[in-house]
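# Survey of secondary and tertiary structure
Now for the letters of each chain:
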Amino acid sequence: MSEEISLNEEKKLWHGTYLSYGIGFFVSLIFTSISFLLVAFQVFPPEVLIYTVASFALFQAVVQLIFFLHLGQEGKPHWETFIFFFMLLILLIIAVGSLWVMNDLNERMMPKHMTTTHHD
Amino acid sequence: MTDSLIVHHTPEPHPDTGRPDPHQDYFSMRFIGFWVYLMTDCILFTTLFITYAVLHTNTFGGPSGKDLFELKLAFGETMALLFSSVTCGLAVLAAVHQRLRASLVWLGVTITLGLSFLTMELWEFHHFYSMGHSWRESAFLSSFFTLVGTHGLHITFGLTWAGVMVGQLLYHGLTVDTFRRLVLFSLFWHFLDLIWIFIFTFVYLMGVI
């Protein structure tokens, strides 16, 4: 009997509904298909295509975080959201830092303008 | 004067530690533990993504992503994983509404879709390998196989977990423990779908552009 009560209490802590899964599913389906078709038929010039597809992926990620992983819908001390944003900070430091360092290194090792070498 | 700031706390002289604390919320405790694991896993995938981003132009005379990737196959993998992500959510919803049979059926669909994803991925790996483009050929292929292979390994573990979940639901029925494990499995599976969106976009789509 006591187990039955706590099972019901646990169920209340989970936030999924048919609506949230439906929204998450259809948004992901539409955006994945659009980015696939855009790339398959090369609709835009490459530069534009890269930014479009990347922003679609980020948008899908946010939608899935909210509707599938129920980010920010837990109880009052929002621990999960807090942990997520701390992870995001670390992620950005690693990502931006590494790309910056490696691009800088490539630029110094193999300068794009080989004819005009600068010595400082 | 400062008396109002002092909190008078009198601890219980002989606290009964054998009894579980009624204010302790075990579900969210375990939930947070697993959530922290997922977040560290996210950092792992970040480092692999950055490795790929740095190395993907270093093909060492071998083929580049544009020569190798088949967009239709990657799209098929994406669809399989997206559908399995939703069916896994439906399995938890069925469990919430106390429908064990429906929950088991949805879990079965999730496993089938996950297996088809894994089959496509392994076929692709085998295809590359049999053409002579293994991870030893260039830095690009090493980072590609590491990134996509790590995701595939996670999927394999996820499928094992799903199989164990089916067994536990059949054997124990819906209890506090099995329900919690089912919810944590659904988190893990949605997380892998999220990672795959980035692999599909940043590896396959951008490789072909």
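In this report, the structure presented in the accompanying data block is examined.

Criteria and cut-off values
Each chain has its residues counted from 1, running along the sequence as written. The order in which chains are written sets their letters, starting at A; the order in which ligands are written sets their numbers, starting at 1. In view of the model being predicted, local features appear only for residues whose pLDDT reaches at least 70, and side-chain atom pairs are presented and counted only at 80 or more, with totals across whole chains, interfaces and linings using the full set of residues. Where helices and strands are cited, they refer to DSSP runs of H or I of at least four residues and of E of at least two residues respectively, numbered from the N terminus. Here exposure depends only on C-beta density: within 10 Å of a residue's C-beta, 20 or more other C-beta atoms make it buried, 12 or fewer make it exposed, and intermediate numbers make it partly exposed, the C-beta atoms being placed from the backbone. Contacts are defined on C-beta atoms placed from the backbone: any two residues whose C-beta positions lie within 7 Å are in contact. Every helix has an expected span of 1.5 Å times one less than the residues it contains. Classification convention: Asp, Glu, Lys, Arg as charged; Ala, Val, Leu, Ile, Met, Phe, Trp, Tyr, Cys, Pro as nonpolar; all other residues, Gly among them, as polar. Joining buried Ala, Val, Leu, Ile, Met, Phe, Trp, Tyr and Cys residues through C-beta atoms within 7 Å gives a set, and that set is a nonpolar core. Lines fitted to C-alpha atoms define the axes, with helix axes restricted to the stretch in contact, and inter-axis angles between N-to-C directions lie between 0 and 180 degrees. Any angle that is under 35 degrees is reported as roughly parallel, and any over 145 degrees as roughly antiparallel; angles of 65 to 115 degrees are reported as roughly perpendicular and all others as oblique. In this scheme the handedness of a crossing depends on how the near helix is turned from the far one: anticlockwise by less than a right angle means left-handed, clockwise means right-handed.

Let us now look at the overall build of chain A. Along its length, chain A carries four helices and zero strands. Listing every helix and strand of chain A by position from the N terminus yields α-α-α-α. Split into buried and exposed, the 120 residues of chain A put 16% on the buried side.

Take the overall build of chain B next. Within chain B, the secondary structure is distributed over six helices and zero strands. Long-range pairs, those at least 24 residues apart, make up 82% of the contacts in chain B between residues at least 6 apart in sequence.

For helix α4 (residues 79-109) of chain A, spanning 31 residues, the distance from its first C-alpha to its last is 45 Å, which sits close to the expected 45 Å at 1.5 Å a residue. By the criterion of burial, α4 of chain A is predominantly exposed, with just one of the 31 residues buried.

To continue, consider the interface of chain B and chain A. On the chain A side, the residues contacting the 41 residues of chain B number 43 residues. Those elements that provide at least two residues to the side of chain B that touches chain A are α1 (26-55), α3 (71-96) and α6 (176-208) of chain B. Among the elements that take part in the side of chain B that touches chain A, α6 of chain B stands out by supplying 15 residues, more than any other. Looking at the side of chain B that touches chain A, its residues break down into 30 nonpolar, nine polar and two charged.

Residue and element names in this part refer to chain B. By size, the foremost hydrophobic cluster in this structure holds 66 residues, and its most contacted members are Ala91, Val92 and Leu182. The element best represented in this core is α6, accounting for 18 residues. In this view, Ala91 contacts Ser103, Trp106, Leu107, Thr110 and Leu182; residues no more than four positions away in its chain are not counted.

Turning next to the packing of α3 of chain B against α6 of chain B. All names here are of chain B. One can describe the packing of α3 onto α6 by two numbers: an axis separation of 9 Å at closest approach and a directional angle of 160°. Accordingly, the angle class assigned to the pair α3 and α6 is roughly antiparallel. Both α3 and α6 take part in a crossing whose hand is left-handed. Residue-level contacts link Leu71, Ala74, Thr78, Leu81, Leu82, Ser85, Cys88, Gly89, Ala91, Val92 and Ala95 of α3 to Phe179, Leu182, Val183, Ser186, Trp189, His190, Asp193, Trp196, Phe200, Tyr204 and Val208 of α6. Among the residues forming the contact of α3 with α6, the class breakdown is 16 nonpolar, five polar and one charged.

Moving on to unusual backbone geometry. All names here are of chain B. Phi at Phe60 is positive, roughly 55°, even though this residue is not glycine. With respect to the element layout, Phe60 can be found in the loop between α1 and α2 (65-68). Phi is positive for Gln98, which is not a glycine, with a value near 65°. When you line up the elements, Gln98 lands in the loop between α3 and α4 (100-130).

Here we come to the environment of Ile197 of chain B. With respect to the helices and strands, Ile197 of chain B occurs in helix α6. In the structure, Ile197 of chain B is positioned 119 residues away from Thr78 of chain B in sequence and 7.3 Å away in space, judged by C-alpha atoms. Beyond its immediate sequence surroundings of up to four residues, Ile197 of chain B is in contact with Ala57, Gln60 and Ala61 of chain A.

Residue and element names in this part refer to chain B. In a regular helix each residue adds 1.5 Å, so 34 residues correspond to 50 Å; helix α5 (residues 139-172) covers 49 Å between its end C-alpha atoms and thus fits that length. What α5 keeps buried is the set Phe140, Leu141, Ser143, Phe144, Leu147, Val148, His151, Ile155, Gly158, Ala162, Met165 and Leu169. Of the residues trailing α5, Gly173 is marked for its positive phi of about 75°.

The next point concerns the packing of α4 of chain B against α5 of chain B. Residues and elements named next belong to chain B. The N-to-C vectors of α4 and α5 enclose an angle of 155°; their axes lie 10 Å apart at closest approach. By the angle between their directions, the pair α4 and α5 is classed as roughly antiparallel. As α4 packs across α5, the resulting crossing turns out to be left-handed. Here Leu100, Ser103, Leu104, Leu107, Thr110, Ile111, Gly114, Leu115, Phe117, Leu118 and Glu121 of α4 lie close against α5, whose contacting residues are Val148, Gly152, Ile155, Thr156, Gly158, Leu159, Ala162, Gly163, Met165, Val166 and Leu169. In terms of residue class, the contact of α4 with α5 is built from 14 nonpolar, seven polar and one charged.

This part is about the environment of Trp189 of chain B. All names here are of chain B. Positionally, Trp189 belongs in helix α6. Distance from Trp189 to Leu81, taken between C-alpha atoms, is 9.0 Å for residues 108 residues apart in sequence. In contact with Trp189, not counting residues within four places along its chain, are Ser85, Cys88 and Gly158.

Residues and elements named next belong to chain B. Along the chain, His151 falls in helix α5. Given 20 C-beta atoms within 10 Å, His151 falls into the buried group. A sequence separation of 106 residues divides His151 from Phe45, and the C-alpha atoms of the two residues are 8.3 Å apart. Those residues in contact with His151 that lie beyond four places of it in its chain are Leu192, Ile195, Trp196 and Ile199.

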